[in-house]
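# Summary of the model geometry
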Amino acid sequence: MKTSQEKKPSIVFAHGLWADGSCFSKLIAPLQAEGHDVVAAQYGLDTVKADVAAVKNAIGRVNGPVILVGHSYGGTVITAAGIDDKVAALVYIAALAPDSDETSQSQQQKFPGTEVFSYIEVADGRIWLKPDGVKCFAGDLTEKEQKLVYATQAVPAADLFNQKVEGTAWKSKPSWYIVAKNDRTVNPELERFVAKRMGATVIEVESSHVPMLSKPDVVLDIIRKAANSVYAMK
């Protein structure tokens, strides 16, 4: 029988491109208040290998079981990092989820491209989001929030999406998936495809690419469901 003092699952977040751990700011405080240990991993978007290692380091700093939550490219990261034995469940937010023979890029190429890629600039070996591109990325946020998203963008290495690392956690771990129906950064049809392929529990939300900022209550509800499922198995 579980006691009220028994620890709840820990939550580790993995961000995508043009973002850092602050993109989960509306989720962290409520989850902490509910008794979860929470870490938003910060990584450099230099190599997939290094980003996965950073998330694994974050997993090592919290007690298990762990729920990994990945947004966008962060889905690629948690797909590899999630093979860690402490990870009990995965939550994907408008995210990529490559199979063992795919990269982030090859997975996206199977679907029509999205508008955001008309608003990028490759310079100094990095892929920069132009100011006008924020509306494709986070168009349902207030103008003030959109400016904050642009100002805090983390800029990926130009070849990041062509890199591959070992590990396909969604083949062995229970998964939840949030499809952003109005996404102009990752094709919603790609999101539906990967969610179905992994056998995830799926919810679709009227949102841009950043539902954790525009629809935080919906995202929190899904994380809670994943946590409750893991807690019930303890």
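Residues numbered from 1 in each chain as written. Predicted model: local features only at pLDDT ≥ 70, side-chain atom pairs only at ≥ 80, totals over all residues. Heavy atoms only, no water.

## Examining the packing of aromatic side chains
Going through the model one piece at a time under the given rule, you end up with five aromatic pairs. Taking the centre distance of 5.9 Å and the plane angle of 25 degrees together, the rings of Tyr 73 and Phe 161 count as stacked. Taken as a pair, Tyr 73 in the loop between strand E3 (66-71) and helix H3 (74-81) and Phe 161 in the loop between helix H6 (143-151) and strand E7 (175-180) lie far apart in primary sequence, 88 residues in all. When sorted by exposure, Tyr 73 lands in the same class as Phe 161, which is buried. (Phe/Tyr/Trp six-rings, centres within 6.5 Å; stacked < 30°, edge-to-face > 60°. Helix = DSSP H or I, 4+ residues; strand = E, 2+ residues; numbered from the N terminus. Buried < 20%, exposed > 50% of the residue type's maximum accessible area, 1.4 Å probe, protein only.)

## A look at the state of the cysteines
Across all of its chains, the model carries zero disulfides by this definition. The closest cysteine sulfur to the non-disulfide-bonded Cys 136 is located on Cys 23, 18 Å from its own sulfur. The exposure class of Cys 136 is buried, given its relative accessible area of 2%. (Disulfide = S-S within 2.5 Å.)

## Examining the pattern of salt bridges
Inspection of every chain in the model, using the stated rule, returns 13 salt bridges. Of the charged contacts, one joins Arg 224 and Glu 34 as a salt bridge, the two residues approaching to 2.7 Å between their closest N and O atoms. Of this pair, Arg 224 sits in helix H9 (residues 216-233) while Glu 34 is found in the loop between helix H1 (25-33) and strand E2 (38-41), placing the two residues 190 residues apart along the sequence. When its relative accessible area of 29% is taken as the criterion, Arg 224 is described as partly exposed. The exposure class of Glu 34 is partly exposed, given its relative accessible area of 27%. Here Glu 102 and Lys 110 are joined by a salt bridge, their closest N and O atoms 2.4 Å apart. Via salt bridges that share partners, Glu 102, Lys 110 and Arg 197 belong to a single interconnected network. (Salt bridge = Lys/Arg side-chain N within 4 Å of Asp/Glu carboxyl O.)

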